[in-house]
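The primary structure of each chain is shown beneath.
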Amino acid sequence: TLSVPPPEVAKRCARVKELTELLCYSPANEHLWIARGNEFMELKQYYAAADDYSAAIRLKPGFAQGYYKRSQAYDMLGYEQLAMQDRKHAKQLFT
């Protein structure tokens, strides 16, 4: 049988769907990619989050927030070296 997800999970899944639809119309908006990546992080879908943060970085290579957020996803995936590289790059961009 199918179970009903907790309200918070359902809310976040609805937000992912909404952001996905917005990305169809504005795929070059790095902030939408970051926002959807944030929702994936909350849903513990770390690979999807890292992919979305990477999309934001491809769109705007000097986007420090993209590198910082991706470092968090890499940390959760156990990719310590990649996480450290992204944190270092984000710090350089912030300063």
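Right above here is the structure, for reference.
Each value, and the rule that gives it
Residues numbered from 1 in each chain as written. Predicted model: local features only at pLDDT ≥ 70, side-chain atom pairs only at ≥ 80, totals over all residues. Heavy atoms only, no water. Core = buried A, V, L, I, M, F, W, Y, C linked by side-chain atoms within 4.5 Å. Buried < 20%, exposed > 50% of the residue type's maximum accessible area, 1.4 Å probe, protein only. Helix = DSSP H or I, 4+ residues; strand = E, 2+ residues; numbered from the N terminus. Contact = heavy atoms within 4.5 Å. Disulfide = S-S within 2.5 Å.

With that out of the way, let us pick up the nonpolar core. In this structure, W33, I34, M41, A49, Y53, A56 and A73 are the most contacted members of the largest nonpolar core, which totals 20 residues. When residues of this core are traced back to their parent elements, those giving at least two are α1 (7–25), α2 (30–42), α3 (46–59) and α4 (64–77). When residues in this core are grouped by element, the largest group, six residues, is from α3. The contact partners of Y53, leaving out residues within four places of it in the chain, are I34, G37, N38, M41, G66, K69, R70 and A73.

Counting across every chain of the model gives zero disulfides. Its sulfur unpaired, C13 is 17 Å from the next cysteine sulfur, which belongs to C24. Using a relative accessible area of 39% as the deciding quantity, one classes C13 as partly exposed. Overall, C24 belongs to the exposed group, its relative accessible area being 61%.

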